[in-house]
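Structural characterization, general
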Amino acid sequence: MQCISNKLHPRLRANGTLESMQELIVDLHVHSHYSRATSKHCDFEGLYRWGKLKGISIIGTGDFTHPEWFNEMRDRLEPAEGGLFRLKDEFSEPIDKSLPPQFRQALIRFIPTVEIATIYKKGDRVRKLHQLIVLPDFASVSALNAKLERIGNIKADGRPILGLDSKELLRHMLEIEPRGLYMPAHIWTPWFGLFGSKSGFDAIAEAYDELAPEIYAIETGLSSDPGMNWRVKGLDDVTITSHSDAHSPQKLGREATVVQSDLSYDQIIGAIKTNDSRLVGTIEFFPEEGKYSADGHRACNIRFTPEQTKAHNGICPVCGKPLVVGVENRVSGLAERPHDFMPEHPKRVEYIIPLPEIIAELEHTKSTTGKAVNALYHRVLEALGDEFSVLRSVPIEAIRGAGFASLAIAIERLRAGAVIREPGYDGVYGTIRVFKDNEERQKTLNQLSLL
Ligand SMILES: [Zn+2]
Ligand SMILES: [Zn+2]
């Protein structure tokens with residue numbers, strides 16, 4: 001992990017320009033309350049509020065194919081600088097009034113995005129893929145929605161499922177708006193990932209044929225990090241991005257992409273498409289925390305390393321059925337390069353544990369959404385600034401000085417990468433802890449109270 005400079009959430013001058021050329025934290029994979037299994041707080045007010053608390057500047061709208069959500073987009077958002085969108089004052093002002101003063105000026109802009117699921121047959125196998133589409137304006141959203149409406153049902157789910165070849169979906173987008181960005185989503189997850197072990201492909205060209213050069217970027221997903229993706233030669237020419245795939249606004253920015261550019265659609269999306277110096281890097285989950293890191297069977301309580309899976313010939317010793325092969329194993333299968341391979345000019349990679357999880361560990365509770373954790377979370381933010389600043393850049397001394405001594409220790413360990421990792425498997429999230437066990441946690445806290 002590289003050294004992190006002290007940066008606060010970007011702010012606007014009165015004339016509408018950025019105070020300085022600052023890093024923008026970008027999260028394009030987001031869902032609205034019209035997607036299945038999402039929070040009812042996934043509306044623009046919720047995204048705006050939590051974007052500020054988290055320290056994210058550029059947020060995808062998610063779900064733009066859903067007619068009612070698209071109506072909300074047109075009702076709540078208005079054009080801002082550089083082709084971006086902002087929440088209208090009538091909706092943002094009440095939220096700003098309810099936030100601590102230091103969050104009021106923080107900048108939030110939206111970009112129209114959607115995740116689309118495709119199911120189709122190619123090469124004699126059924127393929128199930130997820131992909132993100134980013135478009136610059138409501139006109140191109142309307143045009144794509146009109147096209148997709150004739151292909152399948154886009155009203156049932158904010159993340160529609162279409163019986164359409166992913167390549168044809170890409171072609172439709174390019175015909176409507178070449179400035180759009182099409183990204184295979186969470187490419188390593190066993191189901192729905194471009195490279196997934198269950199219904200994916202082994203190479204970008206296998207899925208996209210002559211349109212493969214139009215794939216400029218991929219999303220790592222929570223279970224993989226840039227290091228894992230660097231091992232695969234076939235990804236050398238695409239940009240590695242990360243996003244939250246948030247199903248509730250509190251989960252915004254679980255992962256994110258950092259861009260240094262002006263506030264404009266073409267600059268931000270251009271950074272992602274070209275992977276030039278404007279693309280600073282990504283903010284990552286520890287990949288073990290993802291739901292498909294290791295191999296296994298959830299119902300059989302089997303979690304295997306790739307070596308154990310091999311020793312069992314890929315078969316579950318409890319139920320006798322094939323194991324769900326996780327991301328670590330799948331990457332090793334496709335990778336031509338060793339674990340520690342580094343590209344010549346690597347982008348910055350920063351690992352985080354969401355602050356509510358750190359606080360829950362300090363408070364010795366499993367729930368990250370309980371009252372005590374929530375109250376402490378907001379006290380920390382009020383004293384120290386947005387969550388990304390607390391996790392990434394606020395000096396450890398300042399955290400301690402604000403009265404959060406145990407949090408200071410935890411964040412110091414996080415920034416040093418000194419964490420304990422238990423990998424997720426077959427849909428079960430992994431856990432990342434800063435203390436080895438409760439005993440060590442208690443001992444550390446007792447020492448603190450003596451000081
Ligand atoms: Zn997905
Ligand atoms: Zn089993």
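Residues numbered from 1 in each chain as written. Chains lettered and ligands numbered in written order. Predicted model: local features only at pLDDT ≥ 70, side-chain atom pairs only at ≥ 80, totals over all residues. Heavy atoms only, no water.

Structural notes on the domain arrangement of the protein chain
- When the domains of the protein chain are assigned, the result is domain 1 (1–352) and domain 2 (355–451).
- The straight-line distance from the C-alpha centre of domain 1 to that of domain 2 is 26 Å.
- Listed by partner, the interface residues are 45 residues for domain 1 and 30 residues for domain 2.
- Together, the buried faces of domain 1 and domain 2 total about 3,200 Å²; carbon and sulfur atoms form 58% of this surface.
- Of all residues in domain 1, Phe 286, Glu 289 and Lys 291 bury the most surface against domain 2, accounting for 20% of the area lost on that side.
- At the junction of domain 1 with domain 2, the criterion picks out 3 salt bridges.
- Note that Arg 421 and Glu 288 form a salt bridge whose closest N and O atoms lie 3.3 Å from each other.
- Inspection of the region where domain 1 meets domain 2 yields 17 residue pairs in polar contact (both at pLDDT 80 or more). (Domains from an automatic or database assignment. Contact = heavy atoms within 4.5 Å. Buried area = accessible area lost by both parts, 1.4 Å probe. Salt bridge = Lys/Arg side-chain N within 4 Å of Asp/Glu carboxyl O. Polar contact = N/O pair within 3.5 Å; in protein donor to acceptor, adjacent residues only side chain to side chain.)

Examining the coordination of the zinc ion (ligand 2)
- Around the zinc ion (ligand 2), the protein contributes the donor atoms His 297 (ND1), Cys 300 (SG), Cys 316 (SG) and Cys 319 (SG), which lie 2.0 to 2.4 Å from the metal centre.
- Between the donor residues of the zinc ion (ligand 2), the gaps in sequence give the motif H-x2-C-x15-C-x2-C. Of this pair, Cys 300 sits in the loop between strand S14 (295–297) and strand S15 (302–304) while Cys 316 is found in the loop between helix H9 (306–311) and helix H10 (327–334), placing the two residues 16 residues apart along the sequence.
- Given a relative accessible area of 17%, Cys 300 falls into the buried group.
- With relative accessibility at 1%, the residue Cys 316 sits in the buried group. (Donors = N, O, S within 2.8 Å, 3.2 Å for Na, K, Ca; no water. Helix = DSSP H or I, 4+ residues; strand = E, 2+ residues; numbered from the N terminus. Buried < 20%, exposed > 50% of the residue type's maximum accessible area, 1.4 Å probe, protein only.)

Let's talk about unusual backbone geometry
- Although it is not a glycine, Asp 63 sits at a positive phi angle of roughly 55°.
- In this structure, Asp 63 sits in the loop between strand S2 (58–60) and helix H2 (67–76).
- Accessibility expressed as a relative area gives 0% for Asp 63, which makes it buried.
- Not every positive phi belongs to a glycine, and Asp 124 is a case in point at roughly 70°.
- Inspection of the secondary structure assignment puts Asp 124 in the loop between strand S6 (113–122) and strand S7 (125–134).

Concerning the coordination of the zinc ion (ligand 1)
- The protein atoms that coordinate the zinc ion (ligand 1) are Glu 115 (OE), His 130 (ND1) and His 186 (NE2), at distances of 1.9 to 2.3 Å.
- Taken in sequence order, the residues that donate to the zinc ion (ligand 1) follow the motif E-x14-H-x55-H. Taken together, the residues span a long stretch of sequence, with Glu 115 in strand S6 and His 186 in the loop between strand S9 (181–184) and helix H6 (204–208) at a distance of 71 residues. Each member of the pair Glu 115 and His 186 is classed as buried.

Quick word on the confidence of the model for the protein chain
- Per-chain confidence: the protein chain averages 93 in pLDDT, with 95% of residues scoring 70 or above.
- Per-residue pLDDT stays below 50 along residues 1–8; that stretch engages in 19 contacts with residues further than four places along the chain or on separate chains. (pLDDT = per-residue confidence, 0-100.)

Here we look at the sheet that holds S6
- Spatial strand order, S8-S6-S7-S9: 4 strands in an open sheet with mixed pairing. Either end of the sheet is taken by a strand with one partner, and the two such strands are strand S8 (161–162) and S9.
- By the bridge criterion, 10 bridges tie S6 to S7 in an arrangement that is antiparallel. Its bridge partner lying in S7, Lys 121 is registered against Val 126.
- Strands S7 and S9 of the sheet are contacted by helix H8 (residues 265–274), whose axis makes an angle of about 40° with S9. (Pairing = 2+ DSSP bridges. Axes fitted to C-alpha atoms, helices over the stretch in contact; angles between N-to-C directions.)

Let's talk about the pairing of strand S1 (residues 23–27)
- Counting buried residues in S1 gives 5 out of 5 residues, a clear majority hidden from the surface.
- Of the two faces of S1, the one carrying Glu 23, Ile 25 and Asp 27 and the one carrying Leu 24 and Val 26 are both buried.
- Alignment of S1 against strand S12 (residues 256–260), held across 4 bridges, turns out to be antiparallel. Residue pairing across strands places Glu 23 opposite Gln 260, the latter belonging to S12.
- In this sheet, S2 lies alongside S1 in parallel orientation, the contact comprising 2 bridges.

Notes on the packing of helix H1 (residues 44–54) against H2
- Where H1 meets H2, the closest approach of the two axes is 11 Å, and the angle between their N-to-C directions is 65°. Contact residues: H1 offers Phe 44, Glu 45 and Leu 47, while H2 offers Trp 69, Glu 72, Met 73 and Arg 76.
- For the contact of H1 with H2, the class distribution of residues is 4 nonpolar, no polar and 3 charged. (Nonpolar A, V, L, I, M, F, W, Y, C, P; charged D, E, K, R; others polar.)

Here's the deal with the packing of H1 against helix H12 (residues 371–384)
- The contact between H1 and H12 brings their axes to 11 Å, and the two run at 65°. Here H1 contributes Trp 50, Leu 53 and Lys 54 to the contact with H12, which in turn contributes Tyr 377, His 378 and Leu 381.
- Taken together, the residues that form the contact of H1 with H12 break down as 4 nonpolar, 1 polar and 1 charged.

Re the pattern of salt bridges
- One pass over the structure, following the stated rule, counts 28 salt bridges.
- Among the salt bridges present, the one from Arg 330 reaches Asp 202, with a minimum N-O distance of 2.7 Å. Pair noted here: Arg 330 is in helix H10 and Asp 202 is in the loop between S9 and H6, with a separation of 128 residues, a long-range link.
- Residue class for Asp 202 comes out partly exposed when judged on its relative accessible area of 44%.

As for a nonpolar patch on the surface
- There is a patch of nonpolar side chains on the surface, built from Ile 119, Val 126 and Ile 161 and spanning about 240 Å² of accessible area.
- When you line up the elements, Val 126 lands in strand S7. (Patch = residues over 30% accessible without salt bridge, like charges linked within 9 Å, V, L, I, M, F, W, Y side chains within 5 Å. Areas by Shrake-Rupley, 256 points an atom, 1.4 Å probe, with all protein chains shown as cover.)

Focus: helix H11 (residues 355–362)
- Burial runs high along H11: 7 of the 8 residues are buried.
- For H11, the set of buried residues is Leu 355, Pro 356, Ile 358, Ile 359, Ala 360, Glu 361 and Leu 362.
- Where the residues of H11 are buried, they touch H12, helix H13 (387–392), helix H15 (405–415), strand S18 (431–433) and helix H16 (438–450).
- Among the residues trailing H11, His 364 stands out with phi positive, at a value near 55°.

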